[in-house]
Amino acid sequence: MFRSHLPEGKGMLFVFEKADILSFWMKNTLIPLSIAFFDENQELLNIEDMVPVQKGKLLSSFKSKAPARYALEVPQGWFKKHKIVPGMKFSFLDQPKSVE
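Residues numbered from 1 in each chain as written. Predicted model: local features only at pLDDT ≥ 70, side-chain atom pairs only at ≥ 80, totals over all residues. Heavy atoms only, no water.

Draft legend 1. Spotlight on the overall build of the protein chain. Regarding its fold elements, the protein chain presents 1 helix and 6 strands. Ordering the α and β elements of the protein chain from the N terminus gives β-β-β-β-β-β-α. A globule of 100 residues ought to have a C-alpha radius of gyration of about 13 Å, and the protein chain, at 14 Å, matches this closely. Dimensions of the protein chain, computed from C-alpha atoms along their principal axes, come out at roughly 40 × 30 × 25 Å. Burial status across the protein chain gives 30% buried among its 100 residues. Counting only contacts in the protein chain whose residues sit at least 6 apart along the sequence, the fraction spanning at least 24 positions is 74%. (Helix = DSSP H or I, 4+ residues; strand = E, 2+ residues; numbered from the N terminus. Rg over C-alpha atoms; globule rule 2.2 N^0.38 Å. Buried < 20%, exposed > 50% of the residue type's maximum accessible area, 1.4 Å probe, protein only. Contact = heavy atoms within 4.5 Å.)

Below is the structure:
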């Protein structure tokens, strides 16, 4: 939130304890992003392009098409540029450990 740019090759990985339908929105987000949703086997389910909310407009939500455990936000168009499409499998290295 409140970022004016996101460098190429950078993003945010969200890791959830269990798979569920995930929903994201662009509140206080100033730059266009793409979000990819991955299931618990780290298979890419769907990619959504998200644009900043214009003043006076309602927030839109962007959802996983099936239960997902991971969501990755990157600069808009990054997945397309790298020919990443639903159905591909990924390995997320250096996942953060849960805090007890």
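Draft legend 2. How the structure looks around the environment of E43. Among the secondary structure elements, E43 is positioned in the loop between β3 (33-38) and β4 (44-50). Residue classification places E43 among the partly exposed positions, given a relative accessible area of 31%. C-alpha of E43 to C-alpha of G87: the two residues are 44 residues apart in sequence and 5.9 Å apart in space. Those residues in contact with E43, other than ones at most four positions away along the chain, are F37, F38, G87, M88 and K89.

Draft legend 3. Broad picture of the pattern of salt bridges. Within this structure, the stated rule accounts for 1 salt bridge. The partner of K81 in a salt bridge is E8, with the nearest N and O atoms 3.8 Å apart. Of this pair, K81 sits in helix α1 (residues 78-81) while E8 sits in the segment before β1 (12-20), and the two are 73 residues apart along the sequence. (Salt bridge = Lys/Arg side-chain N within 4 Å of Asp/Glu carboxyl O.)

All quantities given are derived from atomic positions and should not be read as evidence of function.
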